[in-house]
Amino acid sequence: MSARIPATVVTGFLGAGKTSLLRHLLESAHGKRLAVVINEFGDLGIDREIVTGCGIASCREEDIVELANGCICCTVADDFLPTIQKLIDRPDPPDHIVIETSGLALPKPLVKAFNWPEIRARVTVDGVVAVVDAAAVAAGRFADDPAAVAAGRFADDPAAVAKQRAADPSLDHDNPLEEVFKDQLACADLVVLNKRDLLDRDARKRVESGIAASLRPGVKLVASEHGRVSIAALLGIDAAAEDDLDGRKSHHDAEGLAHDHDDFTSFAVALPAVGDAEGLIARLKRIVAQHDILRVKGFLDAPGKPRRQVVQGVGGRFQSYFDRAWREGEKRQSALVVIGRAGLDRAAIEAAMREAAAA
C-alpha cells in the first residue's frame, strides 16, 4: 500500500490571517505539489480569489478548490468528502492537501471525517494548525471575562464560568465567539499567534501565556507577522489527528457533525466604482464600530487602475492592496462581504456602505 497523502487543516477565527498564511505556504512550496481546499462563510468566494490572484507561478487554479455551500464542518458528506476523493483520484495526486476552514468552522468534525472508509486508507491528517489574531485576543474578543485575558488567564473552567454567571445575571449567556475560538485551540497541533507586531512586548507575553495554558500537552505555539511561518513548521507534523479524537475536547461534541451557525450572519454588498479607497476605509471603520461588525472583505473597482483592489477589515483594522489585473472580458465591480453576530441591521449597513462608497 502506498503512503497516505498528508492533509493539514488550517483553522482560526474570522480575520485571524489564515489566507495570508496559506499564501505564504504556497510561496514556500518549492516544488511540492499542494492542493488547497478553501471554505468560506459568506456569499462571495473572496478567499479563493485572493489566493488565485497571488501571482505565484506554481499556484495553479485547478489546485485551488472552493467549497461555498455552507460551513465545511456541517457539509462533510455532501461537499468535503467528494472533493477530497476527486483530488486523490487525479492522475497527478497532490503531495499534500491543505484545507482552510471558514472562520466559524469547528475543526474536530472535519478531522473526524477522515475516518470515513472512502478516504481513511489514502489520506491522514498531518496536523491541525490554529491561527490566532493576537490583538483580538488581547482585546478580550473571545472571552467572557476580558479582565482575565489582560491578566494572562482564560476562563477555561466550566464550573468557574457557571459560578460567575450565577453571581452576575448580565453574564447569563453563551459567548459563541469564545466557544468557537476555544474549540479551534482544543483541536490544534500547532497554534500560530499571528499579528504579534500589533502588541507590545508585555501584552504579547500575557497573550502567549494565556493561550499556552489552555493547550493540550505537546502543542506548540509560534508567533508570526502576516502569516509568515516556516513550511517546515506547518507541514510534516505527523499527528495522525484522526486517531486522536478523544483527546481533542469540544464544546460542541454532542452536536455531531453539525453545529448551529444562527449566532452569526453574513451578506454581500454591491458598491459602485471607488476612486478614494482611503476615504472609503475611514468611513468603513466608523460603520464597523457603530454596528459591531466582525469582518469585512472584498474587492474594489478603482477607476483607471488595471488591477483589482483588495480590502480586508477585522474590527477596526483594515488593509488594502492591489492584486491581479482585471481579466479581459471580466466585469469590473466592487463588492464587500460583511460578517457579524446575528441581529446586524443589514439594511442600515448596506445603505451606509453605499453612501460611504459614493462620497
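## Regarding unusual backbone geometry
One non-glycine residue with positive phi stands out, namely K195, at about 60°. In this structure, K195 sits in the loop between β6 (190-194) and α10 (201-213). Look at K195 and you get buried, because its relative accessible area is 15%. The phi angle at D238 is positive, at roughly 60°, despite the residue not being glycine. Within the secondary structure, D238 sits in the loop between α11 (231-234) and β8 (264-271).

## Structural notes on the pattern of salt bridges
Per the counting criterion, the structure on display carries 18 salt bridges. In this structure, D133 and R317 form a salt bridge, with 2.9 Å as the shortest nitrogen-oxygen distance. One end of the pair, D133, is in strand β5 (residues 123-133); the other, R317, is in strand β11 (residues 317-325), and 184 residues separate them in sequence. Taking the relative accessible area as the measure of exposure, D133 reaches 3% and is therefore buried. The closest approach of N and O atoms between D301 and R332, which form a salt bridge, is 2.8 Å. Note that D301 is positioned in the loop between β9 (293-300) and β10 (307-314) and R332 in the loop between β11 and β12 (334-341), a separation of 31 residues in sequence. Accessibility expressed as a relative area gives 11% for D301, which makes it buried.

## A short note on the pairing of β11
Bridge count between β10 and β11: 7 bridges; the pairing is antiparallel. Within β11, the residue paired with V310 across the bridge is Y321. Connecting β10 to the antiparallel partner β11 that follows it, the hairpin turn spans 2 residues, and G315 within it adopts a positive phi of roughly 60°.

## Regarding the environment of K32
Among the structural elements, K32 can be located in the loop between α1 (18-27) and β2 (34-39). A relative accessible area of 37% means that K32 is categorised as partly exposed. Distance from K32 to D95, taken between C-alpha atoms, is 6.3 Å for residues 63 residues apart in sequence.

The rules behind these values
Residues numbered from 1 in each chain as written. Predicted model: local features only at pLDDT ≥ 70, side-chain atom pairs only at ≥ 80, totals over all residues. Heavy atoms only, no water. Helix = DSSP H or I, 4+ residues; strand = E, 2+ residues; numbered from the N terminus. Buried < 20%, exposed > 50% of the residue type's maximum accessible area, 1.4 Å probe, protein only. Salt bridge = Lys/Arg side-chain N within 4 Å of Asp/Glu carboxyl O. Pairing = 2+ DSSP bridges.

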